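Descriptive analysis of the structure
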Amino acid sequence: MPAFDGSGKVALITGGSNGIGAAVARRLAREGARVVLADIDAEAGAALADELDGAFVRCDVREPGDSQAAVAAAVDRFGGLDVAFLNAGVAGGGGVGEDFDLAAYRRAMGVNLDGVVFGVHAALPAIRARGGGDIVATASMAALTATPFDPVYGANKAAVVGLVRALGPAFADEGVRVNALCPSFADTDILVPMKGHLQETGFPILDVDDVVTAFMQVLDGDGTGEAWYVVPGRPAEPFRFRGVPGPR
């Protein structure tokens, strides 16, 4: 399997100022790629872009125009787009009973699902113009298992996996690969509210470097429409979905 060669490649990373996005940006830059960081955290994003000789664009992924502008910035600054890492995400969508919070619901669905849909829509023309490339979305293990502690989060992450599984074969003939990463609880800022509880119960926390390694495996591979699980102590690989029963 050939290793990803970033020479001459341009990557756009949403949620790129911190956490998984920032770690992937650093790795891609080391591999020779030019990186465009898109985030609402302008201070951290601009500092990282300066460190990596990349570019920063303020981007609220809930707004379709912001994703369009981020892609345009990649094309204008570096000449095109080869990799779109749609990674921006938030936790805490809440429940649907007494704890239902409309604002929290709309924020979680807007960032975690709309942000991926808008990101794919914005990135496709630029990636097609390069003759193909990669779109990778950050989903979650919450997409593959029940999440009674945060059902709205589980719902939008499951929707991302469903979208990726549909778009993979839809764009395969054009050389555009669409895949998802499904990490478990990773050691990032999004985990802060529950990190203490996880540590107390002995639940293993995923190292961000393991997610970066899995991301690079996706780029190195040739699959599409896949959902790669990333959990402590196991090699990352595509989750094997059982086929559904067909008609009789």
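Report follows, based on the coordinates. Every value quoted in this text rests on a predicted model; they were computed, and no experiment measured them. (Residues numbered from 1 in each chain as written. Predicted model: local features only at pLDDT ≥ 70, side-chain atom pairs only at ≥ 80, totals over all residues. Heavy atoms only, no water.)

1. Some remarks on the overall build of the chain
- When its secondary structure is counted, the chain shows 7 helices and 8 strands.
- In terms of its C-alpha atoms, the chain occupies a principal-axis envelope of roughly 55 × 50 × 35 Å.
- In the chain, the proportion of contacts linking residues at least 24 apart, taken out of those at least 6 apart, comes to 65%.
- Here the chain holds 20 positive side-chain charges and 31 negative ones, and the gap between their average locations is 5 Å. (Helix = DSSP H or I, 4+ residues; strand = E, 2+ residues; numbered from the N terminus. Contact = heavy atoms within 4.5 Å. Lys, Arg positive; Asp, Glu negative; His and termini not counted. Charge placed at Lys NZ, Arg CZ, Asp CG, Glu CD.)

2. Quick word on the sheet that holds strand β2 (residues 34-39)
- Spatially, β3-β2-β1-β4-β5-β6-β7-β8 is the arrangement adopted by the 8 strands of the open sheet, whose pairing is mixed. Where the open sheet ends on each side, the last strands, each with one partner, are β3 (55-58) and β8 (237-238).
- Pairing geometry for strand β4 (residues 83-86) and strand β5 (residues 133-138), over 4 bridges, is parallel. Bridging across to β5, Val83 finds its partner in Asp134. (Pairing = 2+ DSSP bridges.)

3. Considering the nonpolar core
- Counting residues in hydrophobic clusters, the biggest one holds 43 residues, and the most contacted among them are Leu81 and Ile135.
- The dominant element in this core, judged by the number of residues it contributes, is helix α4 (residues 102-129), at 11 residues.
- Once you skip the residues sitting within four places of it in the chain, Leu81 turns out to touch Val10, Ala11, Leu12, Val71, Ala74, Ala123, Ala126, Ile127 and Arg130.
- One finds Ala23, Val35, Ala49 and Leu219 within the second-largest nonpolar core, a separate group that totals 31 residues. (Core = buried A, V, L, I, M, F, W, Y, C linked by side-chain atoms within 4.5 Å. Buried < 20%, exposed > 50% of the residue type's maximum accessible area, 1.4 Å probe, protein only.)

4. Section: the pairing of strand β7 (residues 227-230)
- Because side chains alternate across β7, one face comprises the buried residues Ala227 and Tyr229, and the other comprises Trp228 and Val230, equally buried.
- Pairing analysis gives 4 bridges linking strand β6 (residues 176-183) to β7, with the strands arranged parallel. Residue pairing across strands places Ala180 opposite Ala227, the latter belonging to β7.
- Relative to β8, β7 runs antiparallel, the two sharing 2 bridges. Bridging across to β8, Tyr229 finds its partner in Glu237.
- Hairpin connection between β7 and β8: a loop of 6 residues separates the two successive antiparallel strands, and Gly233 in this loop has a positive phi of roughly 80°.

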